[in-house]
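If you want the building blocks of each chain, they are given just below.
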Amino acid sequence: MQCNDICLKKDDYFDRLLTEGERSEVEAHLGVCEKCMRDYDAEQALRTALAELPAPGMSSRFSGNAFAGARNERRNRTRRAGFLSACGAMAAALVVWVLVGLPIHNPTPTLTQDIADTLLVNETKNINLLLNTPRPLEKAMITIVLPDHIALAGYPEQRELSWQADLNAGKNLLTLPLVGTSEGVVAVIARIQYQDKQREMTFHMQVSRKNITKIPNMPGYVA
Amino acid sequence: MSIPQNRVKAEDLETSLRPHLDYMFRLAFRFTCKETDAEDLVHDVLVKLYSKRSNLAEIENLRSWLAKVLYRTFIDQQRKSWRSPLRLLKQQFVDNDDYDVLDTIACDAPGPDMALEQKITRKDLQEAVAQLNPEQRSVCVLHDVEGYTLVELEKILDIPLGTLKSRLHRARAQLRKILASGT
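Quick notes on the rules
- Residues numbered from 1 in each chain as written.
- Chains lettered and ligands numbered in written order.
- Predicted model: local features only at pLDDT ≥ 70, side-chain atom pairs only at ≥ 80, totals over all residues.
- Heavy atoms only, no water.
- pLDDT = per-residue confidence, 0-100.
- Helix = DSSP H or I, 4+ residues; strand = E, 2+ residues; numbered from the N terminus.
- Contact = heavy atoms within 4.5 Å.
- Salt bridge = Lys/Arg side-chain N within 4 Å of Asp/Glu carboxyl O.
- Buried < 20%, exposed > 50% of the residue type's maximum accessible area, 1.4 Å probe, protein only.

## Notes on the confidence of the model for chain B
Residue and element names in this part refer to chain B.
- Mean pLDDT over chain B: 76, with 73% of residues reaching 70 or higher.
- The element-level mean pLDDT for chain B is lowest in strand β1 (residues 90-91), coming to 34, with helix α2 (residues 21-32) highest at 94.
- Segment residues 83-118 is flagged for pLDDT under 50; beyond a separation of four residues in sequence, or across chains, it makes 90 contacts in the model.
- Taken over the whole predicted complex, pTM reads 0.57, whereas the ipTM for its chain interfaces reads 0.73.

## Concerning the pattern of salt bridges
- Overall, the coordinates contain 23 salt bridges over all chains when judged by the stated rule.
- Between A:Lys9 and A:Glu22 there is a salt bridge whose closest N-O contact spans 3.5 Å. Residue A:Lys9 is located in helix α1 (residues 3-14), and its partner A:Glu22 is located in helix α2 (residues 20-32); the two are separated by 13 residues in the primary sequence.
- One salt bridge in this structure joins B:Lys123 and B:Glu127, with 2.8 Å as the shortest N-O distance. Placement of the pair is B:Lys123 and B:Glu127 together in helix α5 (residues 122-131), with a separation of four residues, close to one helical turn.
- For B:Lys123, a relative accessible area of 29% translates into the label partly exposed.
- The exposure class of B:Glu127 is partly exposed, given its relative accessible area of 32%.

## Brief notes about the environment of A:Glu27
- Its location among the elements puts A:Glu27 in helix α2.
- As for A:Glu27 and A:Ile6, which are separated by 21 residues in sequence, their C-alpha atoms are 9.4 Å apart.

Right under this line is the structure:
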């Protein structure tokens, strides 16, 4: 058996899918091939680490309310025939999408790398946040944290902006008038808090002195 | 534990599922890599199960069946997300009890391979697992972390053995690549 064969059979060897004869052949090769033995050790280390990967336990809040919350939501879904209840929102997914530089009348644009996610210095642009939640969230706290190089139009010193909003089920569009103050790449943080849950998202913008239509390798993007 | 054979009431369902709730949460966390998302996933599965509780009487291996329901619900959620054109953000970990227990503990059997010569910290590994695509991550978690055999997964997930093997192979290759690059 050659090194290439070992490489091909490595997974099956670990997963015990080889015949006794094949296993013996693999082990005989490992006994004489230092490189394959190193690969074997590395693979073993990875699998050991995976098998020992810990996971946190449930919070007492969740474990205490899991069934009641699900039962309530089920009941409400039945009663309201498709309308989702706020009482189920405690454990509901809160998905937040942030769109930048898109006109407010265009709620479902196609995302491309050329999206207008740049600001010119001293330019004011409406940045639209599209918050999508599967259930209504009453009095959700929305916080925007602004880094240097960018400011809220009319409030140049305010680095953090928080306000309460009632989010409807589905898409909620919020508009932030931002102005570029100096050149740089910035990470704007959008944070949504509802009851004891919190989600935080980061989106990046570039403030420049000239128009840029594409920002390569921008961190924070999902390809 | 099997579900009582007569008509399943909500209380019966809860009695049967309660011993598995921690397992469901743990598996959901491994799929989603976030505690809040894990809670949401378990919640969605429980809501589903209440409406189908009368069908549960025939389930023999409840734990494996729950793994299947969690997997399918998770993949369904991911597919809905993939269909959205609005995928600009990378979510950050902000949960209160994020990975502090994972930060410093290292695997005690580091391999001599160059890429893995440095200790694989649990935090690095957790982050690498989180970077796998959802289908690779699910299979990797069920097999390499939770210990289901490929033959068991073939039945649980209704995925052909060959597909499972190639998915696992790619998942591990991707993990090694991520760990080696240190990202």
